[in-house]
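# Residue-level structural notes
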Amino acid sequence: MSTSTPPQKTLSRIAANRLQKELSEWQINPPAGFKHRVTDNLQRWIIEVNGAPGTLYSCEQYQLQVDFPENYPMEAPQVIFIQQPPCHPHIYSNGHICLDILYDSWSPAMTVSSICISILSMLSSATQKARPPDNDRYVRNCRNGRSPKETRWWFHDDKV
Amino acid sequence: MKLHVEGSGSSQAMMQDPELSSHQSQPQQVSEDSQAPPSTTGADGGSFDCNICLELAQDPVVTLCGHLFCWPCLYRWLQVHSICQECPVCKASVEEEKVIPLYGRGKVGSVDPRTKAVPGMNIPHRPAGQRPDTARHADQHYQHHGFNFMAGPGGPATARFGNITLSAGFGLFPSLFGFQLHGFPETTGLGGTSGIHFGTSGPGSQSSHIHTSPPVVPDQQQEALLSRLLLLLGCFVIVCLLLF
Ligand SMILES: [Zn+2]
Ligand SMILES: [Zn+2]
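What counts and how
Going along each chain's sequence as written, the residues are numbered from 1 onward. Working convention: letters from A go to chains and numbers from 1 go to ligands, in the order in which they are written. Note on the predicted model: pLDDT of at least 70 is required for a residue's local features to be given, and 80 or more for side-chain atom pairs to be given and counted; whole-chain, interface and lining totals, by contrast, use all residues. Only hydrogens and water are set aside when side-chain values are computed; all heavy atoms of the structure are taken into account. UniProt positions are given in the numbering used here, feature names are shortened, and annotations may be inferred rather than shown by experiment. Strands were regarded as paired on the criterion that DSSP finds at least two bridges between them. Per the convention used, a helix needs a DSSP run of H or I reaching at least four residues, while a strand needs a run of E reaching at least two, with both numbered from the N terminus. Between N-to-C directions, angles span 0 to 180 degrees; the directions come from axes that are lines fitted to C-alpha atoms, helices contributing only their stretch in contact. Whether two residues are in contact is decided by their heavy atoms: any pair within 4.5 Å suffices. With water omitted from the atoms examined, metal sites may look incomplete; donors here are N, O and S atoms no farther than 2.8 Å from the metal, or 3.2 Å in the case of Na, K and Ca. Every angle between 85 and 135 degrees makes a four-donor site tetrahedral, while opposite donors more than 155 degrees apart, with all other angles between 65 and 115, make a four-donor site square planar and a six-donor site octahedral; other sites are irregular. Partly exposed describes any residue whose relative accessible area lies between the buried limit of under 20% and the exposed limit of over 50%, with all areas from a 1.4 Å probe on protein chains only and scaled to the type maximum.

An unreviewed UniProt entry lists chain B under the name RING-type E3 ubiquitin transferase, with Riccia fluitans given as the organism. What the UniProt record of chain B gives under Pathway (unreviewed entry) is the line "Protein modification; protein ubiquitination."

As recorded by an unreviewed UniProt entry, chain A carries the name UBC core domain-containing protein and is attributed to Riccia fluitans. Under the heading Function (unreviewed entry), UniProt records this for chain A: "Accepts the ubiquitin from the E1 complex and catalyzes its covalent attachment to other proteins."

Printed below as a string of structure tokens:
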């Protein structure tokens, strides 16, 4: 389980303000099925995910690690599963998640809360528990702790 | 590396497969829906919170799709971070110069970190509002004012003195125009459409006069001043004649 190196630059003031705001909104109204594990690190959130009842993942628990870049929310946070990632066609065994809103389709109007909802919805819509077909190759290429956000870059470069 | 191409390629394929795209549109709807409610979770309503920083909007602007942002927040997104210039909330395309500024009457001049937090990036002023012409009855008010002004002092002056009246009469007309030219720009200046305004909205000859006169304003004002002095001198003479 690579816990990929987080973006180490400290949060800008705008980012810190916005995260503080998100955190207090989360405390009032957390997304259903998620629990933020309280730490004093605003830049890295650890979130517990509970599989939705009636889905393949019901009664299972997973952990998300969310690392915020210096200029969040202009840039997407890095979101990965840690510990034992769920077995899902869009989740690699190293915890990386293939979900467009985390990369190309990110928008600064999204929040940690809306990301969580998207991820849960992705889990819930699975019809079979399986790894992505290219899992082994992908994971091998990510060995030295590469961020999934870089994956997107290779992808773009290679496509052009 | 090549292996990777395939890897990411297949993940792209998956994104385009209908099953996945349907599940991806789902969360997006959720996030759009949740965009209205999350602000209401705050005690203060929050309908005027920026969709990017989630605070009360600073230098608020609204996109044509109706989404509210701080101007600095939206500018940074459009300029630096967005791949194609789109609204962060609904992905409608956004043209920077077409956003609409909102002018409330809150306090002005408090320095907000959002306006200067990015070193080396100058955030310009918001685009100005697109102001339609001033409502018509306002013009007429100004013009009546003008006519009265002319009729008042102009009449008596012509009645009494041949010589002086003539110059006084000429003098008064420019001062009338001068007055109007001062009056109008105040009301039209904000919109930046003053030229069109003068051309189209004034009834008849009066407006065409005004339209052509701006270049000679300084001269006419001088003339007006001179003629007033003459008029004053004339009055003084009459008073002298009456008294002595
Ligand atoms: Zn803002
Ligand atoms: Zn929009």
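This next bit is on the sheet that holds strand S3 (residues 61-67) of chain A. Residue and element names in this part refer to chain A. Taken in spatial order, the four strands of this open sheet run S1-S2-S3-S4, and their pairing is antiparallel. The strands lining the two open edges of the sheet, one partner per strand, are strand S1 (34-37) and strand S4 (78-82). In this sheet, adjacent strand axes meet at a mean angle of 30° when their direction is disregarded. In this structure, strand S2 (residues 44-50) lies alongside S3, joined through seven bridges in antiparallel fashion. Paired with Ile 47 across the two strands is Leu 64, which belongs to S3. Seen against the sheet, helix H1 (residues 13-28) touches S1 and S2 and runs at an angle of roughly 30° to S2. Strands S1, S2, S3 and S4 of the sheet are contacted by helix H2 (residues 112-124), whose axis makes an angle of about 35° with S2.

Residues and elements named next belong to chain B. Ligation of the zinc ion (ligand 2) by protein atoms is provided by Cys 65 (SG), His 67 (ND1), Cys 87 (SG) and Cys 90 (SG), these donors lying 2.0 to 2.3 Å from the ion. Metal-centred angles of 102 to 116° between the four donor atoms at the zinc ion (ligand 2) mark the site as tetrahedral. Within one chain, the residues donating to the zinc ion (ligand 2) are spaced in sequence as C-x1-H-x19-C-x2-C. You can see Cys 65 sitting in the loop between strand S1 (60-62) and strand S2 (68-70) and its partner Cys 90 sitting in the loop between helix H4 (71-81) and strand S3 (100-101), a full 25 residues away along the chain. We classify Cys 90 as partly exposed; its relative accessible area is 26%.

This part takes up the pairing of S3 of chain A. Residue and element names in this part refer to chain A. The buried fraction of S3 amounts to six of the seven residues, a majority that puts the element mostly inside the structure. Across five bridges, the pairing between S3 and S4 is antiparallel. Across the sheet, Asp 67 pairs through a bridge with Gln 78, a residue of S4.

Attention now moves to the coordination of the zinc ion (ligand 1). Residues and elements named next belong to chain B. Only Cys 50 (SG), Cys 53 (SG), Cys 70 (SG) and Cys 73 (SG) from the protein reach the zinc ion (ligand 1) as donors, at distances of 2.3 to 2.4 Å. Taken in chain order, the donor set of the zinc ion (ligand 1) reads C-x2-C-x16-C-x2-C. With a gap of 23 residues between them, Cys 50 in the loop between helix H3 (37-41) and S1 and Cys 73 in helix H4 connect regions that are remote in the sequence. Neither residue differs from the other here; Cys 50 and Cys 73 are each classed as buried.

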